[in-house]
Amino acid sequence: EAGVAQSPRYKIIEKRQSVAFWCNPISGHATLYWYQQILGQGPKLLIQFQNNGVVDDSQLPKDRFSAERLKGVDSTLKIQPAKLEDSAVYLCASSAPYQETQYFGPGTRLLVL
Amino acid sequence: GNSVTQMEGPVTLSEEAFLTINCTYTATGYPSLFWYVQYPGEGLQLLLKATKADDKGSNKGFEATYRKETTSFHLEKGSVQVSDSAVYFCALTLNSGYSTLTFGKGTMLLVSP
């Protein structure tokens, strides 16, 4: 079966610009996660969706980050405006109903100059 | 709160050497424990997991045993290969229904021929 798809793979922007990342989870996976992975650190959860509802967004910097999963399938994460400290890899993951194992996409590497 | 502590890297080994990467955790409740591996330029892949005390997870020659008494989940492999060079992340999730993962900082493994 196809894995978690993400695009773009790489993005370079200047600070104060906006950027959007897209994720398509594994078919049938109700739960979708966005993580931020700063160089040298483990991934940190930004937001978690169950179908099209938000389960946990306590770590999401809501003044600049937003995410949506309108039809309960694919999802978009947006940063507006970007800061230098947003440079990181943004990972999307999904999991099947009632299953705790998460499957990760290849990530989007963001560099903010 | 929940946390995962891993030994700092890089761990540098020669091919066929024995590998141990230490992982300890703090959790409120009874977590499931995971090891994920991240190869250069790729997303995270599940390596193995254990869901209750004394369980042993294994995959591709890697093993880890869930030790509740020492709150540990150390990763071992009897004979490493150059292709095992990657970053290894220990993680936990509480069986609370929504499976949020808490990651350690990761340990880089470098295996030389």
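Residues numbered from 1 in each chain as written. Chains lettered and ligands numbered in written order. Predicted model: local features only at pLDDT ≥ 70, side-chain atom pairs only at ≥ 80, totals over all residues. Heavy atoms only, no water.

To continue, consider the sheet that holds strand 1 (residues 5–7) of chain A. Residues and elements named next belong to chain A. Pairing is antiparallel in the open sheet, where 4 strands are placed in the order 1-3-8-7. A single partner strand is all that each edge strand has here, and the edge strands are strand 1 and strand 7 (65–68). Across the sheet, the mean angle from the axis of one strand to that of its neighbour is 15°, orientation sign disregarded. In terms of strand pairing, strand 3 (residues 19–24) meets strand 8 (residues 75–79) through 5 bridges, oriented antiparallel. (Pairing = 2+ DSSP bridges. Helix = DSSP H or I, 4+ residues; strand = E, 2+ residues; numbered from the N terminus. Axes fitted to C-alpha atoms, helices over the stretch in contact; angles between N-to-C directions.)

Residues and elements named next belong to chain A. The pairing of strand 7 with strand 8 spans 4 bridges and is classified as antiparallel. Across the sheet, Ser66 pairs through a bridge with Lys78, a residue of strand 8. Hairpin remark: strand 7 followed by strand 8, antiparallel, with 6 residues in the connecting loop; positive phi at Gly72, about 75°.

Opposite the 21 residues of chain B that make contact, chain A presents 22 residues. Both faces combined, the contact of chain B with chain A buries some 1,600 Å², and carbon together with sulfur accounts for 51% of it. Counting across the chain B and chain A interface gives 0 salt bridges. Taken together, the links from chain B to chain A amount to 6 residue pairs in polar contact (both at pLDDT 80 or more). No other element matches the 4 residues that strand 5 (residues 31–38) of chain B contributes to the side of chain B that touches chain A. (Contact = heavy atoms within 4.5 Å. Buried area = accessible area lost by both parts, 1.4 Å probe. Salt bridge = Lys/Arg side-chain N within 4 Å of Asp/Glu carboxyl O. Polar contact = N/O pair within 3.5 Å; in protein donor to acceptor, adjacent residues only side chain to side chain.)

Here we take up the sheet that holds strand 7 (residues 56–59) of chain B. Residues and elements named next belong to chain B. The strand order across the open sheet formed by 4 strands is 3-9-8-7, and the pairing between neighbours is antiparallel. The sheet terminates laterally at strand 3 (19–21) and strand 7, the two strands that pair on one side only. Geometrically, the sheet is characterised by an average inter-axis angle of 15° between neighbouring strands, direction not taken into account.

All names here are of chain A. Together, Ile12, Leu111 and Leu113 make up a nonpolar patch on the protein surface, roughly 310 Å² of accessible area in all. Here Leu113 lies in the segment after strand 11 (108–112). For Leu113, a relative accessible area of 54% gives the class exposed. (Patch = residues over 30% accessible without salt bridge, like charges linked within 9 Å, V, L, I, M, F, W, Y side chains within 5 Å. Areas by Shrake-Rupley, 256 points an atom, 1.4 Å probe, with all protein chains shown as cover. Buried < 20%, exposed > 50% of the residue type's maximum accessible area, 1.4 Å probe, protein only.)

Under the definition given, this model contains 12 aromatic pairs over all chains. Ring centres of A:Tyr35 and B:Phe103 lie 5.8 Å apart, and the angle between their planes is 85°; on these two criteria the pair is classed as edge-to-face. With A:Tyr35 in strand 4 (residues 31–37) and B:Phe103 in strand 11 (residues 101–103), this residue pair bridges two chains. On the basis of an interplanar angle of 40° and a centroid distance of 6.4 Å, the ring pair of A:Phe65 and A:Tyr90 is categorised as tilted. Here A:Phe65, found in strand 7, pairs with A:Tyr90, found in strand 9 (residues 88–95); they are 25 residues apart in sequence, far enough to count as distant. Assigned by exposure class, A:Phe65 and A:Tyr90 land together as buried. Put simply, the rings of A:Tyr33, A:Tyr35, A:Phe104, B:Phe34, B:Tyr36, B:Phe89 and B:Phe103 pair up and form one aromatic cluster. (Phe/Tyr/Trp six-rings, centres within 6.5 Å; stacked < 30°, edge-to-face > 60°.)

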